[in-house]
Amino acid sequence: MKKKNLIIPRKALYGIAPAIAIIAILISKNQPGPLLLFLIGISAGVLIGKGFFEKNK
């Protein structure tokens, strides 16, 4: 059975922590457009990074 867990490297957490703060600011200012673009960018980056790390194993 294949594992489908996403393992986040420790160094990536330094980039994820500020992203959570930016998301909180955008939610508090009721700005759905920039929030949506920001979340799309984060998810695209995670997918690209996942493919990159799987290819290099």
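Relevant structure appears above.
Residues numbered from 1 in each chain as written. Predicted model: local features only at pLDDT ≥ 70, side-chain atom pairs only at ≥ 80, totals over all residues. Heavy atoms only, no water.

The subject of this paragraph is the overall build of the protein. Counting its secondary structure elements, the protein contains 2 helices and 0 strands. Surface accessibility of the protein: about 5,400 Å² in total, with carbon and sulfur atoms responsible for 70%. (Helix = DSSP H or I, 4+ residues; strand = E, 2+ residues; numbered from the N terminus. Areas by Shrake-Rupley, 256 points an atom, 1.4 Å probe, with all protein chains shown as cover.)

Examined against the element boundaries, Ile22 turns out to sit in helix H1 (residues 13-28). The exposure class of Ile22 is partly exposed, given its relative accessible area of 37%. Taking C-alpha positions, Ile22 is 8.9 Å from Phe38, a pair spaced 16 residues apart along the chain. (Buried < 20%, exposed > 50% of the residue type's maximum accessible area, 1.4 Å probe, protein only.)

What follows concerns unusual backbone geometry. Of note, Asn30 is a non-glycine position whose phi angle comes to about 55°, a positive value. By the element assignment, Asn30 lies in the loop between H1 and helix H2 (32-55).

Let's shift gears to a nonpolar patch on the surface. Together, Ile8, Leu13, Ile16 and Ile20 give the surface a local cluster of nonpolar side chains, amounting to about 350 Å² of exposed area. In this structure, Leu13 sits in helix H1. Taking the relative accessible area as the measure of exposure, Leu13 reaches 43% and is therefore partly exposed. (Patch = residues over 30% accessible without salt bridge, like charges linked within 9 Å, V, L, I, M, F, W, Y side chains within 5 Å. Salt bridge = Lys/Arg side-chain N within 4 Å of Asp/Glu carboxyl O.)

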